[in-house]
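Topology and contacts: notes
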Amino acid sequence: MPSARPGQRAVPSPVSRTGAGGELHQQVAEGVPALTSNQGVVVADNQNSLRGGQRGPTLLEDFLLREKITHFDHERIPERVVHARGSAAHGYFECTHDCSAFTRAAFLAKRGKKTPVFTRFSTVAGGAGSADTPRDVRGFAVKFYTDEGNFDLVGNNVPVFFIQDAIKFPDLIHAVKMEPDRGFPQAASAHDTFWDFISLTPESLHMVMWAMSDRTLPRSLRMIDGFGVHTFRLVNAAGEWQFVKFHWRSTLGVQSTTWDEAVQLAGADSDYHRRDLWQAIDRGDFPSWTLGLQVFDQATADSLPFDVLDPTKLIPEELVPIQTVGRMVLDRNPANFFAETEQVAFCPSHLVPGIDFSNDPLLQGRLFSYLDTQLSRLGGPNFHQRPINQPRCPFHNLQRDGQHQMQVPGGRVAYEPNSLAPEGPRESPRSGFNSLALAEEGPKARLRPESFADHYSQARLFYRSLTPPEQGHIAAALAFEQGKVDTAAVRERVLGHLAVIDAGLLADVCQRLGVAAADVVPARPAMPPQDLPPAPSLSQLASRQGELAGREVAVLVADGVDAAVLNRLRLGVQRAGAKLTVVAPLLAGVHAADGSPVAADHALAGAPSCLFDAVAVLGGEPGIAALCGKPAAADWVRAAWRHLKAIGHDDGGHALLQAAGVGSDGAVVALSGKASVEQFVAAAAAGKHLAREGAPGTDA
Ligand code: HDE
């Protein structure tokens with residue numbers, strides 16, 4: 001028999017009630033906790049408010065109604081001004097490499113040391129209810145609950161940022177968010193104010209190249225890399241320091257959707273990334289990342305052709321290699337979205353001994369901003385007491401009171417030094433956090449260093465380090481975005497910057513816009529760009545792993561499907577670590593040729609092919625003939641072809657491909673025996689079939 005937990009009051013006996021509104025069909029088991037008000041008063045009726053007469057007015061006296069509605073009225077807290085749309089999970093970080101030579105941080109010191117984490121991924125521009133798949137940078141924020149306090153690594157999925165100085169951040173965000181008079185566009189950079197700001201802010205151009213690349217159309221939050229962006233410092237037990245940049249690397253590799261796929265996904269499943277992360281963790285397919293460090297000293301920093309304090313610059317790993325020091329596994333979904341994902345408060349100023357800041361002026365501004373924003377978002381200075389924000393190590397100090405104080409600190413002493421509470425908390429000069437004692441000099445002035453003046457070289461480096469298809473995608477994205485810009489002068493300035501970055505890029509964008517590249521007036525850079533040696537590590541295609549693990553293949557089945565082929569396909573896909581989903585014309589499923597029922601996971605109407613990584617169509621002749629008559633079925637395969645996916649088919653399925661005008665290439669595979677299934681799985685594992693781009697029915 002279920003019993004109420006300690007502190008809960010049991011319903012005295014099962015009840016079933018009939019009221020004017022009809023019978024209440026609710027099962028009430030014995031011993032379940034009684035529903036109470038927030039004051040602990042047991043509620044007798046949670047269906048009807050208190051009224052003066054059966055058809056009379058509701059009475060103000062109904063304190064239960066008022067408490068419930070008042071609480072509801074205040075359920076929302078201000079959403080984050082940026083990164084409002086996010087999804088998160090719990091997990092752990094495991095140190096795989098002893099880093100004590102360069103940091104005294106305990107969570108990095110010893111191989112095998114495990115530290116709990118909570119990680120939140122986000123888009124930047126859209127509101128909390130916006131879709132998951134717009135073109136946007138993704139936030140990648142990790143809270144490490146270390147034995148020495150919380151360390152928040154609040155990064156993004158690209159390694160650089162738009163601006164060099166924190167004072168420009170409100171302008172950048174105002175420019176990218178929906179325009180304030182009209183309230184649109186939501187979650188989109190393709191509008192005048194964003195490009196106006198960019199066109200007047202050449203320091204943003206390197207990040208613009210990343211923002212227009214495939215990185216900002218992730219297939220899954222499990223398939224993005226993360227970057228700390230800024231240069232930080234690591235400090236060892238002897239007080240020696242070096243610079244560091246943090247890198248998260250997805251085990252599944254960076255994978256992207258095509259632009260058209262992302263657009264379709266926004267309509268088909270606006271929670272695509274949130275659902276994908278949740279479901280993967282729920283089925284035990286835990287996403288993981290390695291943590292890598294680029295550690296370098298002042299002499300190396302001085303030797304680089306750019307300033308390591310400039311957050312619009314990266315250090316190619318060809319120049320400073322990345323050492324893997326740990327891995328993060330996300331293995332538990334939040335128990336409550338609001339309490340955890342919404343209320344988690346990340347602050348780059350949450351640091352532990354062994355890590356220190358650099359003078360990056362963007363980072364310095366962030367150290368103020370995040371603490372400040374929590375005060376209004378979470379309503380006061382005690383946000384660290386919420387369960388998701390609390391350190392997992394003991395914490396004691398003499399801070400008191402304030403909004404939402406949840407603790408009851410006893411005693412008369414709330415100050416230090418004191419002699420009246422010798423057992424109270426005291427500072428620890430040696431083991432506590434000590435900022436590095438570094439000499440700073442120079443005039444007090446609003447100055448941008450000369451070493452920050454080169455805005456084009458790394459934009460060019462990034463573009464030229466990519467493969468031709470990746471370059472084409474950047475040009476297509478730029479053309480799309482410029483096509484949405486109404487103000488000609490803004491467009492012209494943007495094209496002027498592209499002319500400086502790379503003539504080939506300009507030509508490609510101009511061709512897509514139907515503009516003469518020769519008419520473009522190049523921007524006048526403050527510093528002429530240099531040709532840096534290409535860095536192939538910047539290409540996401542170069543790091544592709546060709547695995548199907550963690551992905552989803554869908555098979556569209558029609559009546560008369562050969563059950564043996566379907567089973568072989570299921571086995572092949574599962575053996576590759578992926579999931580096979582069966583889509584049928586109706587949720588009721590279909591019948592195989594041998595008469596056996598084939599259950600469906602989804603009906604065609606609810607499962608467009610954009611939701612899946614690869615597809616197959618299987619069915620007998622009459623079943624396929626019926627499918628051929630449905631526009632949704634033709635769209636299903638046509639979209640898979642356009643989105644560069646592997647497509648498997650049997651003879652029946654081939655008829656649907658033909659009816660839909662789908663072409664054939666190495667990734668369109670006839671399915672029958674085991675070898676053909678292996679061929680299909682290999683084609684699906686290869687990811688997007690970029691060689692198909694430009695074929696009829698695809699985007700060039
Ligand atoms: Fe943020 N940023 N940011 N940002 N940022 C916020 O903090 C801000 C920057 C990043 O999942 C806000 O708690 C300033 C760079 C992530 O909760 C806010 C500047 C990078 C998240 C804020 C930057 C980031 C935020 C909004 C320039 C990558 C989501 C709500 C000086 C290295 C964290 C909040 C989460 C969130 C300010 C620039 C990443 C307003 C002033 C660079 C991942 O405080």
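Once a new chain begins, its residue numbering starts again from 1 and follows that chain's sequence as written. Reporting in this predicted model follows two pLDDT cut-offs: at least 70 for local features of residues, and 80 or more for side-chain atom pairs to be given and counted; totals over whole chains, interfaces and linings ignore these cut-offs and use all residues. Just so you know, side-chain values use all the structure's heavy atoms and leave hydrogens and water out.

1. Some words on the pairing of strand β3 (residues 86-95)
With 10 of 10 residues buried, β3 lies mostly within the body of the structure. Exposed residues in this analysis have more than 50% of their type's maximum accessible area, buried residues have under 20%, and partly exposed residues fall in between, with area computed by a 1.4 Å probe over protein chains only. By definition, any uninterrupted DSSP run of H or I lasting at least four residues is a helix, any uninterrupted run of E lasting at least two residues is a strand, and each is numbered from the N terminus. Burial of β3 is two-sided: the residues Gly86, Ala88, His90, Tyr92 and Glu94 facing one way and the residues Ser87, Ala89, Gly91, Phe93 and Cys95 facing the other way are all buried. Bridge analysis of β3 against strand β4 (residues 114-123) gives nine bridges, and the strand direction is antiparallel. Of the residues in β4, the one forming a bridge with Ala88 is Arg120. DSSP bridges decide pairing: two strands pair if at least two such bridges lie between them. Note: β3 against strand β11 (residues 323-332), six bridges, orientation antiparallel.

2. Regarding the packing of helix α13 (residues 488-501) against helix α14 (residues 503-513)
Geometry of a packed helix pair, given as the angle between the helix axes and the separation of the axes. A fitted line through C-alpha atoms represents every axis, and for helices the fit uses only the stretch in contact; the resulting angles, taken between N-to-C directions, go from 0 to 180 degrees. Relative to each other, α13 and α14 sit at 145°, their axes nearing to 6 Å. On α14, the residues that touch Leu495, Leu498, Ala499 and Ile501 of α13 are Ala503, Leu505, Leu506, Val509 and Leu513. Residues are grouped as follows: Ala, Val, Leu, Ile, Met, Phe, Trp, Tyr, Cys and Pro are nonpolar; Asp, Glu, Lys and Arg are charged; all remaining types, including Gly, are polar. Class assignment for the residues of the contact of α13 with α14 results in nine nonpolar, no polar and no charged. Throughout, a contact is declared for two residues whenever any of their heavy atoms are within 4.5 Å.

3. Some details on a nonpolar patch on the surface
Exposure above 30% relative accessible area and no salt bridge define the residues that can form patches, which grow by joining like charges within 9 Å and nonpolar side chains of Val, Leu, Ile, Met, Phe, Trp and Tyr within 5 Å. Residue burial considers only the protein chains on display, and all accessible areas are found by Shrake-Rupley using a 1.4 Å probe. Should a side-chain nitrogen of Lys or Arg be within 4 Å of a carboxyl oxygen of Asp or Glu, the pair is scored as a salt bridge. On the surface, a cluster of nonpolar side chains totalling about 240 Å² of accessible area is made up of Trp259, Val263 and Phe480. Relative to the helices and strands, Val263 is located in helix α6 (residues 259-268).

4. Overview of helix α3 (residues 169-176)
Of the residues making up α3, those classed as buried are Leu172, Ile173, Ala175 and Val176. Down the axis of α3, the buried side of the element spans an arc of 160°, and every buried residue falls inside it. Where α3 is buried, its residues meet α4 (192-199). Throughout, the arc means that of the directions going from the helix axis to the C-beta atoms.

5. Remarks on the site of the ligand
To be near a molecule or strand, a residue needs just one of its heavy atoms within 4 Å of it. Among the 23 residues in the neighbourhood of the ligand, the closest are listed as Arg80, Arg120, Ser369, Tyr370 and Gln374. Pairs of N or O atoms within 3.5 Å make up the polar contacts considered here, provided that, within protein, one atom can donate a hydrogen while the other can accept it, and that residues adjacent in sequence are counted only when both atoms are side-chain atoms. Here Arg120 contributes a side-chain N or O atom positioned 2.6 Å from an oxygen atom of the ligand. Note that a nitrogen atom of the ligand is positioned 2.6 Å from one of the side-chain N or O atoms of Tyr370. When contributions to the shell around the ligand are tallied by element, the ones reaching two or more residues are β5 (138-146), β6 (149-156) and α10 (361-377). If you tally residues by element for the shell around the ligand, the top one is α10, at six residues. Residues that form the shell around the ligand fall into these classes: 11 nonpolar, nine polar and three charged.

6. What to know about the pattern of salt bridges
Enumeration according to the criterion identifies 31 salt bridges in this entry. One salt bridge connects Asp508 with Arg512, and the closest N-O pair in it is separated by 2.8 Å. Taken together, the residues Asp508 and Arg512, both in helix α14 and four residues apart, mark about one turn of the helix. By sharing partners, the salt bridges in this structure join Arg219, Arg222, Asp276 and Asp613 into a single network.

7. Remarks on the nonpolar core
Nonpolar side chains tend toward joint burial in soluble globular proteins. By size, the foremost hydrophobic cluster in this structure holds 55 residues, and its most contacted members are Phe162, Trp195, Met209, Ile474, Leu478, Leu498 and Leu505. Within the residue set of this core, elements represented by two or more residues are α3, α4, α5 (205-211), α11 (457-465), α12 (468-483), α13 and α14. In this text, buried Ala, Val, Leu, Ile, Met, Phe, Trp, Tyr and Cys residues form a nonpolar core when linked through side-chain atoms within 4.5 Å.

8. Side note on the environment of Gly572
Note on placement: Gly572 falls in helix α15 (residues 563-575). Residue classification places Gly572 among the buried residues on the basis of a relative accessible area of 13%. With 102 residues separating them along the chain, Gly572 and Lys674 place their C-alpha atoms 8.2 Å apart. Filtering out sequence-adjacent residues up to four positions away, Gly572 remains in contact with Val677 and Val681.

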